[in-house]
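Examining the three-dimensional arrangement
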Amino acid sequence: MPAYAIAHLQEAAPHPEIAEYIERLPATFEPYGGRFLVHGAQHEVKEGSWPGHVVMIGFPGIGEARSWWDSPAYREIAPLRSRHIEGDIILVEGVPEDYDPKATARTVRDAASAK
């Protein structure tokens, strides 16, 4: 099942360490099968607010995503970003190709009717 590292990063003043982080980042996730899915793109807010930027990196599975996050290579460069950009970062497992949202709806319906 695929997995994703998703970052919601706040606006930050340009800094040389941020540029270095961006340059070095791909080399940290490529050994784990990671690749950029969203990076540096404009986003369109449809509901609520979403200031800042979105970055999404795809991985073959959650194990690879966790291994990348915990890797010495990533831990070494993470401060280059975190010293200058605040944000939220999550690792999340995707759904299988045969995912059926109706099963989730049934679970919600059953929980609602049990109240």
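Look above for the structure.
The model shown is predicted, which means the values in this text are computed figures rather than measured ones.

All right, on to the sheet that holds strand 4 (residues 87-93) then. Pairing is antiparallel in the open sheet, where four strands are placed in the order 2-3-1-4. At either end of the open sheet lies a strand with only one pairing partner, and these are strand 2 (35-38) and strand 4. This sheet shows a mean twist of 25° between the axes of neighbouring strands, independent of strand direction. Here strand 1 (residues 3-9) runs beside strand 4; their pairing, made up of seven bridges, is antiparallel. In the sheet register, I6 faces strand 4, and the bridge partner there is I90. This element, helix 1 (residues 16-29), spans strand 2 and strand 3 (53-59) of the sheet and lies at about 120° to strand 2.

Below, the discussion takes up the packing of helix 1 against helix 3 (residues 72-82). Packing of helix 1 against helix 3 brings their axes to within 8 Å, and their N-to-C directions diverge by 155°. Classified by the angle between their axes, helix 1 and helix 3 sit roughly antiparallel to one another. As helix 1 runs across helix 3, the sense of the crossing is left-handed. In contact with E17, I18, E20, Y21, R24, L25 and T28 of helix 1, helix 3 contributes A73, Y74, E76, I77, A78, L80 and R81. Tallied by class, the residues present in the contact of helix 1 with helix 3 amount to eight nonpolar, one polar and five charged.

About the cut-offs
- Residues numbered from 1 in each chain as written.
- Predicted model: local features only at pLDDT ≥ 70, side-chain atom pairs only at ≥ 80, totals over all residues.
- Heavy atoms only, no water.
- Pairing = 2+ DSSP bridges.
- Helix = DSSP H or I, 4+ residues; strand = E, 2+ residues; numbered from the N terminus.
- Axes fitted to C-alpha atoms, helices over the stretch in contact; angles between N-to-C directions.
- Contact = heavy atoms within 4.5 Å.
- Parallel < 35°, antiparallel > 145°, perpendicular 65-115°, else oblique.
- Left-handed = near helix turned anticlockwise from the far one by under 90°.
- Nonpolar A, V, L, I, M, F, W, Y, C, P; charged D, E, K, R; others polar.

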